[in-house]
Amino acid sequence: MKNYLILSLLFMTITLGYGQTDKRLRNIEKEFEEILEVTKAPGFAVAIVEGNKTIYAKGFGYSDLENKIAMDENTLLAIGSCSKAFTSSILGQLRNDGELSFTDSPIDYVPQLRFYNDELNNGINIRDLMSHQTGIPRHDGSWYLFPSYNRDSLLQRIEYHEPFTGLRQKWHYNNFMFLIQGVIAEKITGKSWEENIKERFFAPLQMQRSNASIDELEKSTNVAFGYELHKDSIVRKMDYYRIAGMAPAGSINSSVSEMANWLKVWINNGKFKDSTILPENYVKEAISSQAVIAPSFPTKENPDMFLANYGYGWMVTSYRGHYRVEHGGNIDGFSASTAFFPSDSLGIVVLSNQNGSSVPSLIRNTIADRMLSVNKTDWADYFVDQKEKQKEAKAGGEKASDSTVIKNTAPSHDLSAYTGNYNNEGYGRFDISLKADSLFANFKRIKFYLKHVHYDVFEPQEVTPYGIEEFDELPLKLNFNTNDDGEIASVKIKLEASLKDPIVFTHEPKVIDVDVSDLQKYEGEYELSGIVIKVYIKGEGLYMLVPGQPEYNLLASEADAFIIKGLDGYKTRFRAPKNDSMTELVLIQPNGTFVAKRK
């Protein structure tokens, strides 16, 4: 242990000494500290790679703010979507081995996979997944609000994800397409995505402490906690977000010292030390422009920024006239940037434990200004100026939003009518419950208080350990709709901004448990215009059989009332006019109400 500590201290001394004596980095730590101060970030770590060497690696601030544990270059943090380049690279290796072609259909490898329409089913190829060109928008609410460890269940949702444009018409970021890439690799190799990542990258790149799940992170030492900056002033700890089945899109946890080895692969044409990790032709393809993100050209403010393209898991841009390849990462409590300049043999990785933070880009740019010997910007001052502009814009937006609220309106129904389950095949199921005089929407990992806005429109506010607060991740409204019978039939939520129409969740009224012995009173034959309808118990449920139609499962919704499973707007009610036994079966359906008499 003593020898280990001596070696660790020696390494830190060598690393820091180089950073302080390199003329390009002289006094740069003062700028780092200023950025840490103005952003109010708990901490960050940074590593700089030049050629095949790590020339600087250090942590700033705290990995654990409450206990004042310092961040260092070996602290593990979530890298979020910086994981994407790892996932696509598995396919780059498999292509080199002759296992697939990027022009293949993903359905060839994942037979159960289906997209929204035949154009996509017949036209999408693997390259489209890697370069975000499917025409399908993010639909991030589908996995973020409805997480699942079952990758097959997540894949099944994709069939219901509506595109916003045609195939290869526009670039649009989509995490689900990286899930598919991970599953393709699983099908070909017979190994999980996590096993592929560890065997193909972590092991050969000496990334011994890096891992691919929160469960593994929590078992590790020297780990950072994630934090958020609430109302621009309060630093609060956040729970880790378990990406679960969506892991191929962003679940890697690593340190800057180990991520530096990943950068060396890309700077050195796929090689790390004496080993070839990635095929050189794949490296060049992955960091070339495979899709146009947006038309970008020099402006007066930014005369040397003129690229906004995408490769395979990498964004291709320019910075101060230098070709830059970069990808950011954001997941609850953490922000990251992995960047390199191929023509300059320069790599920079910044990992921060602040949610939605500007720290990674500010630190990255500060370093790039020095290392590339270009005009320098005071990025701390730049950040402060931008925050002021954002505050002014937000204040104006809030005033405009308040002006659209129609005052002195009330919900159209008693609040109990809004309760029940709401389901969408492309997203999942959540339920709304009533407690006292308040409605709550209950998702798998988040609970919302539904604040009434006007009419049947409600605003979700997150229920947190600190109280009820605005949900900053997704500014939403819930707009309830009725059917022809005046019942709450669905709720519309604009979970995907790229689509014209909101996502519709169908209302499934609350089902109550009824003992089988209590169902016996409903059994029998009921006649309606010569048609005999049979009601009977099967297993522990009540069923109804109408001649020439399938068997219907009756689900109890209230006393003597049942909904017909799978038929929206169809219900039954049993009546006992003489208060002795059930003598009538009332069929309530969109085209009318019909009464069948018990035989």
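Since this is a predicted model, take the numbers as computed values, not measurements. Residue positions are given per chain, counted from 1 along the sequence in the order it is written. A pLDDT threshold of at least 70 governs which residues receive local features in this predicted model, and a stricter bar of 80 or more applies before side-chain atom pairs are shown or counted, although totals over entire chains, interfaces and linings include all residues. Note that water and hydrogens are dropped before the side-chain values are worked out from all heavy atoms of the structure.

Chemist: What am I meant to see in the overall build of the chain here?
Modeler: Helical segments are the DSSP runs of H or I of at least four residues, strand segments are the runs of E of at least two, and each set is numbered from the N terminus. A tally of helices and strands in the chain yields 15 helices and 32 strands. Dimensions of the chain, computed from the C-alpha atoms along their principal axes, are close to 95 × 60 × 55 Å. The contact rule is simple, with two residues in contact once any of their heavy atoms fall within 4.5 Å. Of the contacts formed within the chain by residues at least 6 apart in sequence, a portion of 56% connects residues at least 24 apart. In the form shown here, the chain has an accessible surface area of approximately 28,000 Å², with 49% of it arising from carbon and sulfur atoms. All accessible areas in this document rest on Shrake-Rupley with a 1.4 Å probe, and a residue is counted as covered only by the protein chains that are shown.

Chemist: What am I meant to see in the pattern of salt bridges here?
Modeler: Opposite charge on two side chains allows them to pair when their charged atoms are near. Only one rule defines a salt bridge in this text: a Lys or Arg side-chain nitrogen within 4 Å of an Asp or Glu carboxyl oxygen. As enumerated under the stated definition, the model contains 29 salt bridges in all. R320 serves as the salt-bridge partner of D369, at 3.2 Å between the closest nitrogen and oxygen. Highlighted residues: D369 in helix α13 (residues 359-371) and R320 in the loop between β12 (315-319) and β13 (322-331), separated in sequence by 49 residues. One exposure class covers both D369 and R320, and it is buried. The partner of D332 in a salt bridge is R445, and the shortest N-O contact between them spans 3.2 Å. Residue D332 is found in the loop between β13 and β14 (334-341), and its partner R445 is found in the loop between β18 (438-442) and β19 (447-454); the two are separated by 113 residues along the sequence. Only protein chains enter the accessibility calculation, which uses a 1.4 Å probe. A residue is then buried if its area is under 20% of the maximum for its type, exposed if over 50%, and partly exposed in between. Classification of D332 as buried rests on a relative accessible area of 8%. On the accessibility criterion, R445 (33% relative accessible area) is partly exposed. Counted as one network, the salt bridges with shared partners bring together D22, R24 and E50.

Chemist: How should the sheet that holds strand β31 (residues 584-589) be read in this particular structure?
Modeler: One key point about sheets: their strands pair by backbone hydrogen bonds, in either a parallel or an antiparallel sense. Here eight strands make up a closed barrel; going around it, the order is β25-β26-β27-β28-β29-β30-β31-β32 and the pairing antiparallel. Neighbour-to-neighbour, the strand axes of this sheet turn through a mean angle of 35°, independent of strand direction. Here, a strand pair is defined by DSSP locating no fewer than two bridges between the strands. In this sheet, strand β27 (residues 541-545) lies alongside strand β26 (residues 531-538) in antiparallel orientation, the contact comprising five bridges. By the bridge assignment for β27, I537 is matched with L542. Here the axes come from fitting lines to C-alpha atoms, over the contacting stretch only for helices, and the angles between their N-to-C directions go from 0 to 180 degrees.

Chemist: Whenever I open this one, the packing of aromatic side chains confuses me. Can you help?
Modeler: To describe a pair of aromatic rings, one takes the distance between the centres and the angle between the planes. Any Phe, Tyr or Trp ring, taking Trp's six-membered ring, that has another such ring centre within 6.5 Å forms a pair; planes under 30 degrees apart are called stacked, those over 60 apart edge-to-face, and the others tilted. All chains considered together, the criterion is met by 42 aromatic pairs. Measuring from ring centre to ring centre gives 6.3 Å for F225 and Y240, while their planes differ by 25°; the resulting arrangement is stacked. Pair noted here: F225 is in the loop between α10 (214-218) and β5 (226-230) and Y240 is in the loop between β6 (234-238) and β7 (253-254), with a separation of 15 residues, a long-range link. Looking at F225, the relative accessible area reads 26%, which means it is partly exposed. Look at F430 and F505: their rings are 5.4 Å apart centre to centre, the planes differ by 75°, and that puts the pair in the edge-to-face class. Highlighted residues: F430 in strand β17 (residues 428-435) and F505 in strand β24 (residues 503-508), separated in sequence by 75 residues. Of the two residues, F430 and F505, both sit in the buried class. Three or more aromatic residues joined by ring pairs form one cluster here, namely F86, F102, F201, F202, W262, W266, Y282, Y312, W314 and F340. Residue placement shows K68 over the ring face of Y62; its charged tip is 5.6 Å from the ring centre. We note K538 situated over the ring of Y543; from NZ or CZ to the ring centre the distance is 4.8 Å. Ring-over charges, as used throughout, are those where CZ of Arg or NZ of Lys falls within 6 Å of the ring centre and within 35 degrees of the ring normal.

Chemist: Would you mind going over the packing of helix α3 (residues 84-96) against helix α11 (residues 256-267) with me for this structure?
Modeler: The interhelical angle for the contact between α3 and α11, taken along N-to-C directions, is 45°, at an axis separation of 12 Å. The angle between α3 and α11 falls in the class oblique. Seen along the crossing, α3 lies across α11 with a hand that is left-handed. Contacts from A85, F86 and S89 of α3 reach α11 at M259, W262 and W266. When an angle is under 35 degrees it counts as roughly parallel; over 145 it counts as roughly antiparallel; between 65 and 115 it counts as roughly perpendicular; any other value is oblique. Rotating anticlockwise by less than a right angle from the far helix to the near helix defines a left-handed crossing, while the corresponding clockwise rotation defines a right-handed one.

Chemist: I'm lost on the pairing of β18 in this one. Help?
Modeler: Side-chain positions along a regular strand alternate between the two faces of the sheet. Across the five residues of β18, five count as buried, placing the element largely inside the fold. Of the two faces of β18, the one holding S438, F440 and N442 and the one holding L439 and A441 are both buried throughout. Strand direction decides the pairing type here: β17 and β18, joined by five bridges, are antiparallel. Counted as the bridge partner of D431 is N442 from β18.

Chemist: Explanation requested: the environment of R429 in the structure shown.
Modeler: Along the polypeptide, R429 turns up in strand β17. Sequence separation between R429 and F505 is 76 residues, and the spatial gap between their C-alpha atoms is 8.1 Å. Sequence-distant contacts of R429, that is, excluding residues within four places in its chain, are made with F146, N421, Y422, N423 and E508. In protein, a polar contact requires one atom able to donate a hydrogen and another able to accept it; more generally it is a pair of N or O atoms within 3.5 Å, and residues adjacent in sequence count only if both atoms are side-chain atoms. Of note is the side chain of R429, whose polar atom sits 3.1 Å from the side chain of E508.

Chemist: What should I look at first to understand the nonpolar core in this one?
Modeler: In terms of nonpolar packing, the biggest core is built from 113 residues, with F86, F115, W262, W266, F430, F480 and F505 touching the most fellow members. Among residues more than four places away in sequence, those in contact with F430 are F146, G420, N421, Y422, A441, N442, F443, V491, I493 and F505. Here, nonpolar core refers to any group of buried Ala, Val, Leu, Ile, Met, Phe, Trp, Tyr and Cys residues whose side-chain atoms link them within 4.5 Å. Grouped together as the second largest cluster of nonpolar side chains are 28 residues, I35, V46, L346 and I367 included.

Chemist: Sorry if this is basic, but what is going on with the sheet that holds β13 here?
Modeler: Strand order in the open sheet formed by nine strands is β3-β2-β1-β15-β14-β13-β12-β11-β10, and the pairing between neighbours is antiparallel. Here the strands that pair on one side only, and so sit at the sheet edges, are β3 (69-70) and β10 (291-292). Where strand β11 (residues 308-310) and β12 come together, three bridges link them in antiparallel fashion. Residue pairing in the sheet places A308 in a bridge with T317 of β12. Packed onto the sheet, α13 meets β1 (43-50), β2 (53-64), β12, β13, β14 and β15 (346-352) and runs at close to 155° relative to β15.

Chemist: Looking at this model, I keep getting lost on the packing of α3 against helix α8 (residues 175-189). Mind explaining?
Modeler: The angle between the axes and the distance between the axes are what describe a pair of packed helices. The N-to-C vectors of α3 and α8 enclose an angle of 40°; their axes lie 10 Å apart at closest approach. For the element pair α3 / α8, the angle class is oblique. Here α3 runs over α8; the crossing is left-handed. For the pair α3 and α8, the contacting residues are K84, T87, S88, I90, L91 and L94 in the first and N175, F178, Q181, G182, I184, A185, I188 and T189 in the second. Three categories are distinguished: nonpolar for Ala, Val, Leu, Ile, Met, Phe, Trp, Tyr, Cys and Pro, charged for Asp, Glu, Lys and Arg, and polar for the others, with Gly belonging to the last. Taken together, the residues that form the contact of α3 with α8 break down as seven nonpolar, six polar and one charged.

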